[in-house]
Amino acid sequence: MPVKITQARRLDRDTKLKPFDCNDPDLNDFFHNDALNHSNELLTVTYLFEGRKETIAFISLLNDKISREETGRGKLRTLAKGIPHPKRTYRSFPAVKIGRMGVNIRYQRKGMGTEILDAVKASFTTANKTGCRFVTVDAYNNPCTIGFYQKNGFNFLTEKDHKDDTRLMYFDLKRFIQDNS
Ligand SMILES: CC(C)(COP(=O)(O)OP(=O)(O)OC[C@H]1O[C@@H](n2cnc3c(N)ncnc32)[C@H](O)[C@@H]1OP(=O)(O)O)[C@@H](O)C(=O)NCCC(=O)NCCS
């Protein structure tokens, strides 16, 4: 059955974290030590997908925007292609950012990550309270992570970061609506 964000548990101060290991020390550390602080400071909201004894996956989301400064005027115009004039002259477009995401090593490569991304796309095209056109992520610049996001329809926002540790990628939520109508 597909995953729904509404079925996920929202991390708060009453949450007792269940064991989690996604084989990435930074992500594990964020999950165990920082996620709650970030929630308390209203910086991210973390959703937990839990089994009886362990955490199967988590995703932390925050507000974002794709701006002309980041992309350059040409790229922003390309992103705005399907948007009717005069709204195309916007200097930025609203987005939701995947701050962190990890799937428990025992559950990786079984489609869980893809289901969570689909749940985010569904949630932000139907139930969000403010406008949101894109999903963004600073993806670890390794073939696995980049491949994962590309397989899920994400593209690079710029070529300027191709040698950096992370690459800025985006997904156009209009595409999700079109693909699912
Ligand atoms: C990246 C991550 C969130 C993906 O979640 P997941 O549930 O394993 O992903 P899915 O099963 O939905 O995989 C979808 C696609 O992503 C790519 N992918 C995922 N894991 C991969 C891996 N270890 N190696 C190569 N490609 C991978 C594949 O194209 C895969 O499709 P396929 O299985 O049909 O070939 C998860 O692996 C994770 O938390 N990893 C730990 C942190 C990290 O980024 N590690 C880098 C290794 S990917």
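As shown above, the structure is provided for reference.
These numbers were taken from a predicted model, which means no experiment stands behind them.

Parameters and conventions
For every chain, the first residue of the written sequence is number 1, and numbering continues from 1 along that sequence. At least 70 in pLDDT is required for a residue's local features to be given in this predicted model, at least 80 for side-chain atom pairs to be given and counted, and no such filter applies to totals for whole chains, interfaces and linings, which use all residues. By convention the nonpolar core is taken to be a set of buried residues drawn from Ala, Val, Leu, Ile, Met, Phe, Trp, Tyr and Cys and joined through C-beta atoms within 7 Å. Any residue with 12 or fewer other C-beta atoms within 10 Å of its own C-beta is exposed, any with 20 or more is buried, and the rest are partly exposed; the C-beta atoms used are placed from the backbone. Numbering of helices and strands runs from the N terminus, with a helix taken as a DSSP run of H or I at least four residues long and a strand as a DSSP run of E at least two residues long. Residues are scored as being in contact if the C-beta atoms we place from backbone atoms lie within 7 Å. Expected span, for any helix, means 1.5 Å times one less than how many residues it has. For two strands to pair, DSSP has to find at least two bridges joining them.

Caption draft 1: Region of the structure containing the nonpolar core. In terms of nonpolar packing, the biggest core is built from 39 residues, with Ile59, Ile116, Phe134, Val135 and Tyr170 touching the most fellow members. Here this core gets six residues from one element, more than from any other, and that element is strand S4 (residues 92-103). Setting aside chain neighbours within four positions, we find Val135 in contact with Ala95, Val96, Ile98, Val120, Lys121, Phe124, Tyr170, Phe171 and Leu173.

Caption draft 2: Structural context of helix H4 (residues 112-126). The end-to-end C-alpha distance of H4, which contains 15 residues, comes to 21 Å, matching closely the 21 Å that a straight helix rising 1.5 Å per residue would cover. Listing the buried residues of H4 in full gives Gly113, Ile116, Leu117, Ala119, Val120, Lys121 and Phe124. On its buried face, H4 sits against strand S2 (45-50), strand S3 (55-67), S4, strand S5 (134-140), helix H5 (143-151) and helix H6 (173-179).

Caption draft 3: Looking closely at the pairing of strand S7 (residues 166-172). Buried residues dominate S7, accounting for five of its seven residues. Alignment of S5 against S7, held across seven bridges, turns out to be antiparallel. Residue pairing across strands places Thr136 opposite Tyr170, the latter belonging to S7. In the sheet, strand S6 (residues 155-156) pairs with S7 via two bridges, with the strands oriented antiparallel. Bridge pairing in S7 links Asn155 to Tyr170.

Coordinates in, geometry out; function isn't part of it.
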